[in-house]
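A look at the structure
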Amino acid sequence: MTRATFHASGAGSAFDAPTVIRIKRDGGVLSDEAIDWVIDAYTHGRIADEQMSALLMAIFLRGMTGPEIARWTSAMVASGERFDFTDLRRDGRPLALVDKHSTGGVGDKITIPLVPVVMACGGAVPQAAGRGLGHTGGTLDKLESIPGFSAELTQAQIRRQLEEIGGAIFAAGELAPADRKMYALRDVTATVDSLPLIASSVMSKKIAEGTRALVLDTKVGSGAFLKTEAEARELARTMIDLGTAHGLVTRALLTDMHRPLGAAVGNAVEVAESVEVLAGGGPSDVVELTLALAAEMLDAAGIDGEDPADTLRDGSAMDAYRALINAQGGDPDASLPRGAHTETVTAPRSGTMGDLDAMAVGMAVWRLGAGRSAPGEQVQHGAGLRIHRRPGDPVAAGEPLFTLYTDTPERFEAAIAELDGGFSVGDTAPDRRPLIIDRVV
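Cut-off values and rules
- Residues numbered from 1 in each chain as written.
- Predicted model: local features only at pLDDT ≥ 70, side-chain atom pairs only at ≥ 80, totals over all residues.
- Heavy atoms only, no water.
- Helix = DSSP H or I, 4+ residues; strand = E, 2+ residues; numbered from the N terminus.
- Buried < 20%, exposed > 50% of the residue type's maximum accessible area, 1.4 Å probe, protein only.
- Contact = heavy atoms within 4.5 Å.
- Areas by Shrake-Rupley, 256 points an atom, 1.4 Å probe, with all protein chains shown as cover.
- Lys, Arg positive; Asp, Glu negative; His and termini not counted.
- Charge placed at Lys NZ, Arg CZ, Asp CG, Glu CD.
- Pairing = 2+ DSSP bridges.
- Salt bridge = Lys/Arg side-chain N within 4 Å of Asp/Glu carboxyl O.
- Expected span 1.5 Å × (residues − 1).
- UniProt positions renumbered as here; feature names shortened; annotations may be inferred.
- Core = buried A, V, L, I, M, F, W, Y, C linked by side-chain atoms within 4.5 Å.

Some remarks on the overall build of the chain
- When helices and strands are tallied, the chain shows 17 helices and 15 strands.
- By principal-axis analysis of the C-alpha atoms, the chain measures approximately 70 × 60 × 40 Å.
- Per-residue burial for the chain yields a buried fraction of 55% across its 441 residues.
- Nonlocal contacts in the chain, meaning residues at least 24 apart in sequence, comprise 79% of its contacts between residues at least 6 apart.
- Surface summary for the chain: the accessible area is close to 17000 Å², and the carbon and sulfur share equals 50%.
- Across the chain, the centroid of the 42 positively charged side chains sits 3 Å from that of the 60 negatively charged ones.

A word on unusual backbone geometry
- Even without a glycine there, the phi angle at D91 is positive, about 55°.
- Backbone geometry at A176 places phi at a positive 45°, although glycine is not the residue there.
- On the basis of relative accessibility, which here comes to 1%, the residue A176 falls in the buried class.

Quick word on the sheet that holds strand β12 (residues 394-395)
- Overall, antiparallel pairing links the 3 strands, which are arranged β12-β10-β14 in an open sheet. The sheet terminates laterally at β12 and β14 (423-426), the two strands that pair on one side only.
- Sheet topology note: the strand β10 (residues 351-356)/β14 ladder contains 3 bridges and is antiparallel. Opposite T352, over in β14, you have G426 as the bridge partner.

Details of the pattern of salt bridges
- This model, assessed by the stated rule, comprises 32 salt bridges.
- Among the salt bridges present, the one from D36 reaches R71, with a minimum N-O distance of 2.6 Å. Placement of the pair is D36 in helix α3 (residues 32-43) and R71 in helix α5 (residues 66-78), with a sequence separation of 35 residues.
- By relative accessible area, R71 is classed as partly exposed at 30%.
- For D40, the salt bridge identified is with R46, shortest N-O distance 2.7 Å.
- Look at D40 and you get partly exposed, because its relative accessible area is 33%.
- Residue R46 is classed as partly exposed on the basis of its relative accessible area of 32%.

Side note on helix α11 (residues 229-245)
- For α11, built from 17 residues, the straight-helix expectation of 24 Å at 1.5 Å per residue is met to within 8% by its first-to-last C-alpha distance of 24 Å.
- Listed in full, the buried residues belonging to α11 are A232, L235, A236, T238, M239, I240, L242 and G243.
- Those residues of α11 that are buried are in contact with α5, α10 (195-208), β6 (213-220), β7 (249-256) and β15 (436-440).
- Remark: G247 follows α11 within two positions and exhibits a positive phi of approximately 85°.

Points about the UniProt feature "domain: Pyrimidine nucleoside phosphorylase C-terminal" (unreviewed entry) in the chain
- Here the UniProt feature "domain: Pyrimidine nucleoside phosphorylase C-terminal" (unreviewed entry) sits at residues 352-426.
- For residues 352-426, the end-to-end C-alpha separation is 5 Å, with 28% helix and 29% strand making up the annotated structure.

Quick look at the nonpolar core
- If you look at the biggest cluster of nonpolar residues, it comprises 70 residues, and the most contacted ones within it are F402 and L404.
- Among the elements that make up this core, the one with the highest residue count is helix α13 (residues 284-301) (8 residues).
- Contact partners of L404, with chain neighbours within four places excluded, come to H341, T342, E343, V345, L368, G384, L385, F412, A415, I416 and L419.
- Of all hydrophobic cores here, the second largest spans 64 residues; its members include L95, I158, A178 and M182.

Thoughts on the environment of A129
- By the element assignment, A129 lies in strand β4 (residues 125-129).
- Separated by 26 residues in the primary sequence, A129 and Q155 place their C-alpha atoms 15 Å from one another.

Dropping the structure here:
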């Protein structure tokens, strides 16, 4: 094949895809003009998925400089529309616009209870959410397990919901469309866990969605995309700098992701657990992180005198959740789907539940059908896993440790193989880890 076969530039362009790929493959720095061209050309179909996959892998292996990340992010913001909600009012006052983003974890359903808590405290949350990425679940995949719920909102509907009820959770749509295309590619080309690609993906959507303040939940551990505290701290700092440069009040919490969050991992099973939290119950770690992030969001938005915990006690967060689901076509009272087939993993001996590896659990749930192996693939909303014994709990030989759900029982073998080695039953409890490691501002 000749180079002309791969030429992806328009007539008169100074750039072509193979040259840009080669620069990054060989450890070079992409110019602002090259980045602008790549993002625009890929958004409009002048660069093939195969070529962008090669460039993403080159970035994954070679990294990016700070200025490259900043320009890549700005180019993705510029690839689509940018929302502006500053004209919206409630009770004659501007909305306190604030959002949160997690860098991805196993069992991380925090958005589902968190948005209603902040709504109930007077915040307005324009939440552009994503689908599953690699071994981590996506908020939209989870919420779409609720019968009737739609995340495909027009800007007019988002504006109306923000004014009337204080929140909307929506697919990015025309926000940063370059990121939407790359997001799907990263999911299936093993290029997810790259600091430059994570930072630019997160911040391009958040800058474009029209929020005024942003709190980042930056995950650390085996179930996170970045495994060490140093990497996660660098990611948090990079995203804070990107947000600040674009006028967003931005801060981050570093939180533990060595173990799954909560006792449910999947799609519908995580919605059910989120509703337990909104009803005043639920796992203690999910409640703790929800309230910590809510407090940060309220502070960043300038909302004083509200205790997020009160909204779980008095039912106002549940009321906000029901209003949100109803506004987006969902039925908050409908039964949630569950996989037609179940399999149970039992304890091999009596003792104490040891550590539970988040990556092993995330991969098991992905094998059950809760995630994707090809772009655009449908997830199983009823696929998932329930954890019956958390680290440190007493265990009796033969009792259930995990229940697995799927519509395709041939998936059980691979899922159980992923769990093998990801948990243990021993004589002593594992060390306790703080859920919230640090705060970065």
